[in-house]
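Descriptive structure summary
Listed here are the chains, written in short residue letters.
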Amino acid sequence: MTYVVIDNCLKCRYTDCVVVCPVDCFHASAEMLYIDADECIDCGACVPECPVEAIYPEDELPEDKKEWLPINIKKAPELPVITEKEDALPTAEERKKELGY
Ligand code: SF4
Ligand code: SF4
């Protein structure tokens, strides 16, 4: 199994999740993060760190978010690993409100 980042991360990119991952499986684009399914050990440590609930175990993905599993699998290996917290995107606070958090 793996954990998956969904589009709640898009325009937020808080990166609180990356510092707790024991196997450095987060990869980053300029817009959002993705989890490498081959590296994730299903520890769940990242889930409570995310302020916009953008991370799900693959078997608990809401029906309308299932497309994010193949997207994470495809995108993660194409992007650099991120292990240190960075500033959230300038759009993060607005996006967080929009998502209801
Ligand atoms: S903490 Fe959440 S919003 Fe921030 S980068 Fe990780 S998944 Fe994205
Ligand atoms: S579940 Fe664990 S191993 Fe997988 S991305 Fe989150 S912190 Fe990393």
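Quick look at the environment of V18
With respect to the helices and strands, V18 occurs in the loop between β1 (3–5) and β2 (26–28). C-alpha of V18 to C-alpha of K85: the two residues are 67 residues apart in sequence and 6.7 Å apart in space.

Side note on the site of ligand 2
Near ligand 2, the surroundings consist of 13 residues, among which Y3, C21, C40, C43 and C46 are the closest. Looking at the shell around ligand 2, its residues break down into 11 nonpolar, one polar and one charged.

Overview of the nonpolar core
The nonpolar side chains of a soluble globular protein tend to be buried with one another. Within the largest apolar cluster, 27 residues are counted, with the highest numbers of intra-cluster contacts made by V5, C17, F26, L33, I35 and I55. At the level of elements, β1, β2, β3 (33–35) and β4 (55–57) are the ones that each hand at least two residues to this core. In this view, C17 contacts F26, L33, C46, E49, C50 and I55; residues no more than four positions away in its chain are not counted.

Digging into the site of ligand 1
Taken together, the neighbourhood of ligand 1 is formed by 14 residues, with C9, Y14, C17, C50 and A54 sitting nearest. Its residues assigned to classes, the shell around ligand 1 comprises 10 nonpolar, one polar and three charged.

Re the environment of P51
The topology assignment puts P51 in the loop between β3 and β4. When the 16 C-beta atoms within 10 Å are taken as the criterion, P51 is described as partly exposed. Remark: the alpha-carbon pair of P51 and T2, spanning 49 residues in sequence, is separated by 20 Å. Non-local contacts of P51, meaning those with residues more than four positions away in its chain, are made with Y14, D16, K96 and Y101.

Definitions and limits used
Residues numbered from 1 in each chain as written. Chains lettered and ligands numbered in written order. Predicted model: local features only at pLDDT ≥ 70, side-chain atom pairs only at ≥ 80, totals over all residues. Helix = DSSP H or I, 4+ residues; strand = E, 2+ residues; numbered from the N terminus. Near = placed C-beta within 6 Å. Nonpolar A, V, L, I, M, F, W, Y, C, P; charged D, E, K, R; others polar. Core = buried A, V, L, I, M, F, W, Y, C linked by C-beta atoms within 7 Å. Buried ≥ 20, exposed ≤ 12 C-beta atoms within 10 Å, placed from the backbone. Contact = placed C-beta atoms within 7 Å.

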